Amino acid sequence: MPVAVESYFRISQELHAKGVTLVAVSKTKPEADLLELYQLGQRDFGENYVQELVEKQAKLPADIRWHYIGHLQTNKVKYIAPFVHLIHGVDSYRLLKEISKEAGKQGRVIEVLLQMHIAQEETKFGLSADELDLLLQELRQHPLPHIRICGVMGMASFIEDLEKIRKEFRSLRQLADQLTQRIQQEGYREFALPLVVSMGMSGDYTIAVEEGSTLVRIGSLLFGARS
Ligand SMILES: *Cc1c(COP(=O)(O)O)cnc(C)c1O
């Protein structure tokens, strides 16, 4: 399926005007498709699978900012630590610690987002508010020098009910605002403000932007459906 060039221009202009970052989600798509968007000016690409990401990074232009948006296993952090721009789906202190360790070996500070559980569905990954609380306590006791927590990420339920989806996005925005206050009051070295709020995909990004998203992850609208 060809890259949807017109959709790309329309969506990227619309988001640019609102100050929202567009990450083009290119998982399972061939390098030629990524290159096509790259030549139109796109620099942020998102991938879900470590091996696929490592292979594409080696072959594609060096100034691409690679976002890891899948669920990352601790034993695979080392493969992406040399180059990854932002890791979106971090939901445990244990994973943060591993990222910090591997970043240190590379002489880097790696930027991450904390994945929050906002969907009604039980199968989704992500931290609850209580788990976030515990993670902050852990950071207080055992700071991590080689990570920078730049914000939060969430995925809405895969449902038709747009009002429910809107509520889930709204809850993530509120959580980010509360977290911002807390960081300002308590001062955590690992965090960088203002927080990125990564929410919205092909089917729901318009709602996500209305509810305060600062970064959307869009795949099928740009590259066509995945098989
Ligand atoms: C695949 C994926 C996307 C993009 O999904 P589309 O519906 O194709 O836009 C966004 N975020 C995550 C975490 C994904 O896994």
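Rules and cut-offs
- Residues numbered from 1 in each chain as written.
- Predicted model: local features only at pLDDT ≥ 70, side-chain atom pairs only at ≥ 80, totals over all residues.
- Heavy atoms only, no water.
- Buried < 20%, exposed > 50% of the residue type's maximum accessible area, 1.4 Å probe, protein only.
- Helix = DSSP H or I, 4+ residues; strand = E, 2+ residues; numbered from the N terminus.
- Pairing = 2+ DSSP bridges.
- Near = heavy atom within 4 Å.
- Polar contact = N/O pair within 3.5 Å; in protein donor to acceptor, adjacent residues only side chain to side chain.
- Areas by Shrake-Rupley, 256 points an atom, 1.4 Å probe, with all protein chains shown as cover.
- Nonpolar A, V, L, I, M, F, W, Y, C, P; charged D, E, K, R; others polar.
- Contact = heavy atoms within 4.5 Å.
- Phe/Tyr/Trp six-rings, centres within 6.5 Å; stacked < 30°, edge-to-face > 60°.

Draft legend 1. Structural detail: the pairing of strand β8 (residues 215-218). Burial along β8 is two-sided: the residues L215 and R217 and V216 and I218 are all buried. In this sheet, β8 lies alongside strand β1 (residues 21-25) in parallel orientation, the contact comprising four bridges. Bridge pairing in β8 links V23 to R217.

Draft legend 2. Molecular detail of the site of the ligand. Close contacts around the ligand come from 13 residues, with K27, N48, S202, G219 and S220 the closest. Between a nitrogen atom of the ligand and a side-chain N or O atom of R217, the distance comes to 2.9 Å. For the ligand, an oxygen atom lies 2.8 Å from a polar atom in the side chain of R226. In the complex, 91% of the free accessible area of the ligand, which totals 390 Å², lies under the protein chains. Residue composition of the shell around the ligand, grouped by class: six nonpolar, four polar and three charged.

Draft legend 3. Structural detail: the side chain of H88. Checked against the element boundaries, H88 lands in strand β4 (residues 86-90). The exposure class assigned to H88 is buried, which follows from its relative accessible area of 0%. Side chain to side chain, H88 and S198 meet in a polar contact 3.2 Å long. With near-sequence residues (within four places) excluded, H88 lies in contact with H67, Y68, I69, L113, L114, Q115, M153, S198, L215 and R217.

Draft legend 4. Geometry of the packing of aromatic side chains. Taken as a whole and judged by the stated rule, the model has three aromatic pairs. Look at Y8 and F9: their rings are 5.8 Å apart centre to centre, the planes differ by 50 degrees, and that puts the pair in the tilted class. Its relative accessible area of 4% is what places Y8 among the buried residues. Between Y188 and F191 the ring centres are 6.0 Å apart and the planes differ by 75 degrees, which places this aromatic pair in the edge-to-face class. A relative accessible area of 8% places Y188 in the buried class. Judged by its relative accessible area of 9%, F191 falls in the buried class.

Draft legend 5. Highlighting the side chain of S202. Position of S202 relative to the elements: it lies in the loop between β7 (191-198) and α8 (205-210). In terms of polar contacts, S202 uses its side chain to reach the side chain of S220, at 3.4 Å.

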